[in-house]
Every structure is written in structure tokens, then in C-alpha cells.
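Descriptive structure summary
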Amino acid sequence: MKRSLFLITLVCLTAFYATAQNAKQPDRQVAVTIDDLPSGMADRLPAANLTAMTAKLLGTLRDQKVPVVGFVNERKIYKPGEVDERIKMLQTWLDDGFELGNHTFSHQSLNQIELKDWEDDVIQGESVLKILMTPRKMRLRYFRHPYLDVGRDLMTRRKAEEFLTQRGYRIAPITLDGWDWAFAGIYEDAKQRNDTALQQQIVKDYLAYHDAVFAYAEQLSVKVAGYEPKQILLLHASNLEADHIGELLDLLRRRGYRFITLEDALGDPVYSLPSTYVGEEGNGWLEQVSITQGKIPQGAPKFPQWVLDKSRELHLSTGQVSAQTPY
């Protein structure tokens, strides 16, 4: 009898503890978005390589049933002799059940060119996408700012937002950004040289830095909004993601995330909070709102300096940023 009572008590305490732990755990949700389609390395890699990369990347996402919106720079399609194959890569995204958005034609920053020229670049970036999406009864509904640059002054920002709204777009901000593009460039070089040891080091730091960024964003969310909203993750189409996105998805799952659509994420009230941020550097949504509230974001994880140094050595873009912040 005493043994039975002990077992019953133990079961009840275990259930209570599990319930208490679950109550403390936020319902973490994230939408995955991937920029610079067909690839950030489209000017350096042949179509055959890009096709294999696309198939591998989408295969993982499809098999794991992760909804994704891919943002396209149509200029990257127009390489002599490869146009049809590069367009087919975008078709593959749609055929596999994913959605495409506009990232401008040539990845021009709103901070670097006149508003009218930027608007023309947005419109030019719709041409092939509309041809591909119309037969599927799909419409272009998402836009992502290149470099996350929203304008140097508030008037430019508001005029650009009005222009996008008139064309039927919802701007897709981001809240999670682990600078995967910076890792991707040096990974591509290591992969081409069959330097497996360096590839492993890159992937290790890529995952560790993303884990730190996720923790930082979760803490910043509570400071800005009072809760953890539905997050939006920014990635880029690359061989790094094609080879290792599965490990990144597992990392997110270990942090308690489940994967949702971008439409679902944008329904979160956090994306309706006021943002008057403008400036030379693009910022994630949480940073924009925090700065608008008069709070300077602090505590961002330090980016691995060696990755930036290696990128400069290989004459790759480092985004003109320091190692102190992911934004």
C-alpha cells in the first residue's frame, strides 16, 4: 500500500513539474525567408551548380515541411546562355509549393539611389515573377528591402512604403539574422578547394553564432514588446544553406520553435508597432522598434572576426559592418 501511494505521489509530482516547465516555455514560432534568389553567388557559379544547390536546399525544406518565402533578384537570371535554366530554378521553388517575393531587380539599396530609380528597380523585379506566378493563380504579395535599408530620412521611407502598398506588397521585415551570407562566401571557397576542416569550422561557428542571435532576439523581444512574438528568420540561398540548413532547423527546434508561414508571422501585433527608424544601416524589426521607443539595443553577440578577415582576404563583401552587431 505504501509503495502504491509513493508511486502515485511520484507520478503526480512528475506531471506537475512537466506542466510547470511547459507553462514557462514560450510558444516559439518562426517563419523562414530566404533572400537573393536564385543565389547570392549567382555571379560566381555556373547554372549547373546553382541548380544542384537549389534542388538540395528545397529538398530539405520540402521533406521537413517547412514553409518558406524566397525573395528574388531577377537581374541574377540574365547570364548569357543560362537564362532558361536560371528561370527554371525559380519555377522549382513554385513547383515544390513555396512562395516567391520581390527583392528588387538588382538589389539596389534605398539609401544609395534616388527614390524614383529605386521604384523602377522594384517594378523591373516583377517581370519574370509575374509570368511564373500568374498561371498558378498566385500574386506577388511580399517585398524585402535589400540590405534591410528603409531610407535615410522618414519622408523617403514613407513614400517608399506608400509605393509598395499601392503595388499590393506587404513589406517583410526580419527579427532573426545570423549573417549567414558572410559565412556562405568563405564556405563556398572552402568547398571548391575541398578544405573539409575549414568547412567544419565554418559550420560550427555558423551554428553557434545563430544560436547566440536567437537568444539575443528572444531577450530583446521581451524588452520591446513584452513577449516573444512570431519571429522571421533571414537566410540566403547558398551552398552553405543547401548543405547545412537541416542542422539550423534542428537548432531552432531545440530552442522550442515550430515553423509557420510568413503570412501567419506577419499577423503578430509586434509588426504593427510604430517604427520611425531611418539611417545608413539596415536594421531588424525589433531594433527598429526599440530605437523608435528611445531604447538603444544592447548585448548583441559579437560576430566572429576571423570570418570577416577571411572574407576580406578573398575580396568578398563584408557588408561594410563591424563584428559587434548582426545588424
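Each remark here, short or long, concerns the structure printed above.
A brief structural summary. Predicted, not measured: the structure shown is a model, and the values here were computed from it. (Residues numbered from 1 in each chain as written. Predicted model: local features only at pLDDT ≥ 70, side-chain atom pairs only at ≥ 80, totals over all residues. Heavy atoms only, no water.)

Let's shift gears to the overall build of the protein chain. Secondary structure summary: the protein chain contains 12 helices and eight strands in total. Scored against the burial criterion, the 327 residues of the protein chain give a buried share of 53%. Restricting to contacts in the protein chain with at least 6 residues of sequence separation, those with at least 24 account for 82%. When the accessible surface of the protein chain is summed, it comes to about 15,500 Å², and 54% of that surface belongs to carbon and sulfur atoms. (Helix = DSSP H or I, 4+ residues; strand = E, 2+ residues; numbered from the N terminus. Buried < 20%, exposed > 50% of the residue type's maximum accessible area, 1.4 Å probe, protein only. Contact = heavy atoms within 4.5 Å. Areas by Shrake-Rupley, 256 points an atom, 1.4 Å probe, with all protein chains shown as cover.)

Before going further, it helps to spend a moment on the nonpolar core. A general trend in soluble globular proteins is that nonpolar side chains are found buried together. Ile34, Leu61, Trp93, Leu100, Trp118, Leu233 and Leu262 are the most contacted members of the largest nonpolar core, which totals 92 residues. Leaving out residues up to four positions away in the same chain, Ile34 has contacts with Leu57, Leu61, Val68, Val69, Gly70, Phe71, Trp93, Leu235, His236, Ala237 and Ile245. (Core = buried A, V, L, I, M, F, W, Y, C linked by side-chain atoms within 4.5 Å.)

The amide bond that connects Leu37 to the next residue, Pro38, takes the cis arrangement and shows omega of 5°. Assignment of secondary structure puts Pro38 in the loop between strand E1 (28-37) and helix H2 (47-63). Located in the positive-phi region is Asp36, a residue other than glycine, with phi close to 70°. Overall, the relative accessible area of 11% leaves Asp36 in the buried class. Backbone geometry at Leu148 places phi at a positive 65°, although glycine is not the residue there. Structurally, the position occupied by Leu148 is in the loop between strand E4 (142-143) and helix H6 (154-166).

Interhelical geometry of helix H8 (residues 196-225) versus helix H9 (residues 239-254) gives an angle of 40° and a closest axis separation of 11 Å. By the angle between their axes, H8 is oblique relative to H9. As H8 packs across H9, the resulting crossing turns out to be right-handed. On H9, the residues that touch Val203, Tyr206, Leu207, His210, Asp211 and Phe214 of H8 are Leu240, Glu241, His244, Ile245, Glu247, Leu248, Leu251 and Leu252. Split by residue class, the contact of H8 with H9 holds nine nonpolar, two polar and three charged. (Axes fitted to C-alpha atoms, helices over the stretch in contact; angles between N-to-C directions. Parallel < 35°, antiparallel > 145°, perpendicular 65-115°, else oblique. Left-handed = near helix turned anticlockwise from the far one by under 90°. Nonpolar A, V, L, I, M, F, W, Y, C, P; charged D, E, K, R; others polar.)

Turning to the pattern of salt bridges, a few remarks are in order. For the structure shown, the criterion picks out 25 salt bridges. As a salt-bridge pair, Glu99 and Arg141 come within 2.7 Å of each other at their nearest N and O atoms. You can see Glu99 sitting in strand E3 (residues 99-102) and its partner Arg141 sitting in the loop between helix H5 (127-133) and E4, a full 42 residues away along the chain. Judged by its relative accessible area of 13%, Glu99 is buried. Here Arg255 and Glu218 are joined by a salt bridge, their closest N and O atoms 2.7 Å apart. Residue Arg255 is found in the loop between H9 and strand E8 (257-260), and its partner Glu218 is found in helix H8; the two are separated by 37 residues along the sequence. A residue is classified by how much of its surface remains accessible, and Glu218, at 4% relative accessible area, is buried. (Salt bridge = Lys/Arg side-chain N within 4 Å of Asp/Glu carboxyl O.)

Time to look at the side chain of Asn73. Along the chain, the position of Asn73 falls in the loop between strand E2 (68-72) and helix H3 (83-95). When its relative accessible area of 1% is taken as the criterion, Asn73 is described as buried. Residues in contact with Asn73, not counting those within four places in the same chain, are Asp36, Leu37, Pro38, His103, Thr104, Phe105 and His107.

With that settled, the discussion passes to the pairing of E2. Taking burial as the measure, the five residues of E2 include five buried ones, the bulk of the element. Burial along E2 is two-sided: the face carrying Val68, Gly70 and Val72 and the face carrying Val69 and Phe71 are both buried. Pairing analysis gives four bridges linking E1 to E2, with the strands arranged parallel. Counted as the bridge partner of Leu37 is Val72 from E2. Strand direction decides the pairing type here: E2 and E3, joined by four bridges, are parallel. Within E3, the position partnered with Gly70 by the bridge is Leu100. Handedness of the crossover joining E2 and E3 through H3 is recorded here as right-handed. (Pairing = 2+ DSSP bridges. Right-handed = clockwise from strand over helix to strand, strands pointing away.)

Listing the buried residues of helix H4 (residues 115-124) in full gives Leu115, Trp118, Glu119, Asp121 and Val122. What you see down the axis of H4 is that its buried residues fit within an arc of 155°, all on one side. Lining the buried residues of H4 we find E3, E4 and H6. (Arc of directions from axis to C-beta.)

Right, let's talk about the packing of aromatic side chains for a bit. Applying the stated rule across the entire model yields 12 aromatic pairs. Between Phe183 and Tyr206 the ring centres are 6.0 Å apart and the planes differ by 75°, which places this aromatic pair in the edge-to-face class. Note that Phe183 is positioned in helix H7 (residues 180-192) and Tyr206 in helix H8, a separation of 23 residues in sequence. One exposure class covers both Phe183 and Tyr206, and it is buried. (Phe/Tyr/Trp six-rings, centres within 6.5 Å; stacked < 30°, edge-to-face > 60°.)

Within the secondary structure, Ile186 sits in helix H7. Between the C-alpha atoms of Ile186 and Gln199, which are 13 residues apart in sequence, the distance is 8.5 Å. Those residues in contact with Ile186 that lie beyond four places of it in its chain are Ile202, Trp306, Val307, Lys310, Ser311, Leu314 and Leu316.

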